[in-house]
Amino acid sequence: MSLQDQLIQQVKQLDKKQAEELQFYLREITQQNTDEYSPQNFLYLQKLTSLCLRDFYTLDQQLRPNIRAEKKHVSLPREFTETNNSFPNIIERRRSRREYQTQPISLPQLSELLYYTYGATGKISLRGYRNYILRSAPSAGALYPINLSVIVNSVDTLSPGFYRYKVKEHALESIFLGDIRSPLVQAGLGQQFMATAAVVLVLSAVPERIIPRYGIRGYRYIYLDAGHIAQNAYLAAEYLNLGACDIGAFYDDAVHSVLGFDPEKEFVVLMITIGRV
């Protein structure tokens, strides 16, 4: 039986169990005596909106081949090039593009893309910090609960792997190195363009950054923040003559397993493919 057939069979087997779990989570979050500031409420909301395939964990060895944990700091170039693309033209051209050329993108292109998507654009005095960093995307209360990471498939001079974008330093730090295109496509419901994209941006949320201030309503703000960042990515890609496409359809627990996330602390909200068109 192929891996894809195994996944389909497991989904069918999980239907009844998942339905029972969702009913439990719904009861828990609607109880009158729950504390809206409780981190558990965030977990319930995440479970209610997740598409899960828990038995995926038994397939970890097949899902994550040839991966090695390695910390590698990559400084990104800050010399940006100007194009002839005007802002009105970029807005009018914006499309979701799923077909990519096989050529890699350059490190300067990736640098520019990340800067315009979520880079540090200024500093102010805020909450006792003299140099509080502001970014290219707005955030509720300037709390920035979203982390931006990059799955590198094909970038000149950069090894394939999973990298965290370090906003303050405008740099990348590798989490692990290796080709994860095959397991990524499996976790992404078989969407093959995730493998042909040069990079896949990963937007993940850290609830503890926003719960203390906004309580359960902070769950809404997480997705608003992600939307701002995603639109920046689309427009930056058009400016750089690249293509972008949002991906919201994926098995949550499978993606977390492939990337090594603990979803009770940080969970994936959205992914965005980027490539040459």
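Structure shown above.
Residues numbered from 1 in each chain as written. Predicted model: local features only at pLDDT ≥ 70, side-chain atom pairs only at ≥ 80, totals over all residues. Heavy atoms only, no water.

Trainee: Can you explain the environment of Leu114? Please cite residues and give values.
Mentor: With respect to the element layout, Leu114 can be found in helix H5 (residues 107-118). On the basis of relative accessible area, Leu114 is assigned to the buried category, the value being 0%. Distance in space between the C-alpha atoms of Leu114 and Ser136 is 9.8 Å, their sequence separation being 22 residues. (Helix = DSSP H or I, 4+ residues; strand = E, 2+ residues; numbered from the N terminus. Buried < 20%, exposed > 50% of the residue type's maximum accessible area, 1.4 Å probe, protein only.)

Trainee: Now, about the packing of H5 against helix H9 (residues 218-239): what can you tell me, with residues and values included?
Mentor: Remark: H5 packs on H9, axes separated minimally by 8 Å, with the N-to-C direction vectors making an angle of 145 degrees. In terms of crossing hand, the pair formed by H5 and H9 is right-handed. Together, Glu112, Leu113, Tyr116, Thr117 and Tyr118 of H5 and Ile229, Asn232, Ala233, Ala236, Ala237 and Tyr239 of H9 make up the contact between the two elements. A breakdown of the residues in the contact of H5 with H9 according to their chemical character gives eight nonpolar, two polar and one charged. (Axes fitted to C-alpha atoms, helices over the stretch in contact; angles between N-to-C directions. Left-handed = near helix turned anticlockwise from the far one by under 90°. Contact = heavy atoms within 4.5 Å. Nonpolar A, V, L, I, M, F, W, Y, C, P; charged D, E, K, R; others polar.)

Trainee: Quick one: what's the story with the packing of aromatic side chains, residue by residue and with numbers?
Mentor: In this structure the tally under the stated criterion is 10 aromatic pairs. Taking the centre distance of 4.9 Å and the plane angle of 85 degrees together, the rings of Tyr214 and Tyr221 count as edge-to-face. Ring centres of Tyr219 and Phe267 lie 6.4 Å apart, and the angle between their planes is 25 degrees; this geometry places the pair in the stacked category. Here Tyr219 is found in helix H9, whereas its partner Phe267 is found in strand E10 (residues 267-276), with 48 residues between them in sequence. Of the two residues, Tyr219 and Phe267, both sit in the buried class. Connected via pairs of aromatic rings, a cluster forms that spans Phe80, Tyr115, Tyr116 and Tyr239. Over the ring of Tyr118 we find Arg135, and its NZ or CZ is 4.7 Å from the ring centre. (Phe/Tyr/Trp six-rings, centres within 6.5 Å; stacked < 30°, edge-to-face > 60°. Lys NZ or Arg CZ within 6 Å of the ring centre and 35° of its normal.)

Trainee: Describe in detail unusual backbone geometry, supporting the description with residues and values.
Mentor: Phi is positive for Tyr144, which is not a glycine, with a value near 50 degrees. Owing to a relative accessible area of 5%, Tyr144 belongs among the buried residues under this scheme. At His170, a position not held by glycine, the phi torsion is positive, near 45 degrees. Structurally, His170 can be placed in the loop between strand E6 (161-166) and strand E7 (171-177). Given a relative accessible area of 2%, His170 falls into the buried group.

Trainee: So, the pattern of salt bridges: which residues are in play, and what are the values?
Mentor: Inspection of every chain in the model, using the stated rule, returns five salt bridges. Between Arg181 and Asp179 there is a salt bridge, and its shortest N-O distance comes to 2.6 Å. Accessibility expressed as a relative area gives 36% for Asp179, which makes it partly exposed. In the salt-bridge network here, residues are joined through shared partners; they are Arg93, Arg97 and Glu238. (Salt bridge = Lys/Arg side-chain N within 4 Å of Asp/Glu carboxyl O.)

Trainee: Give me the lowdown on the nonpolar core, citing residues and values where you can.
Mentor: One recurring pattern in soluble globular proteins: nonpolar side chains tend to sit buried together. Ranked by internal contacts, the top residues of the largest apolar core, which has 77 residues, are Leu110, Leu172, Leu201, Leu259 and Met271. At 12 residues, H9 tops the list of elements feeding residues into this core. Beyond its immediate stretch of four places on either side in the chain, Leu172 contacts Lys72, His73, Val74, Leu76, Leu110, Leu114, Val150, Leu158, Tyr163, Arg164 and Tyr165. (Core = buried A, V, L, I, M, F, W, Y, C linked by side-chain atoms within 4.5 Å.)

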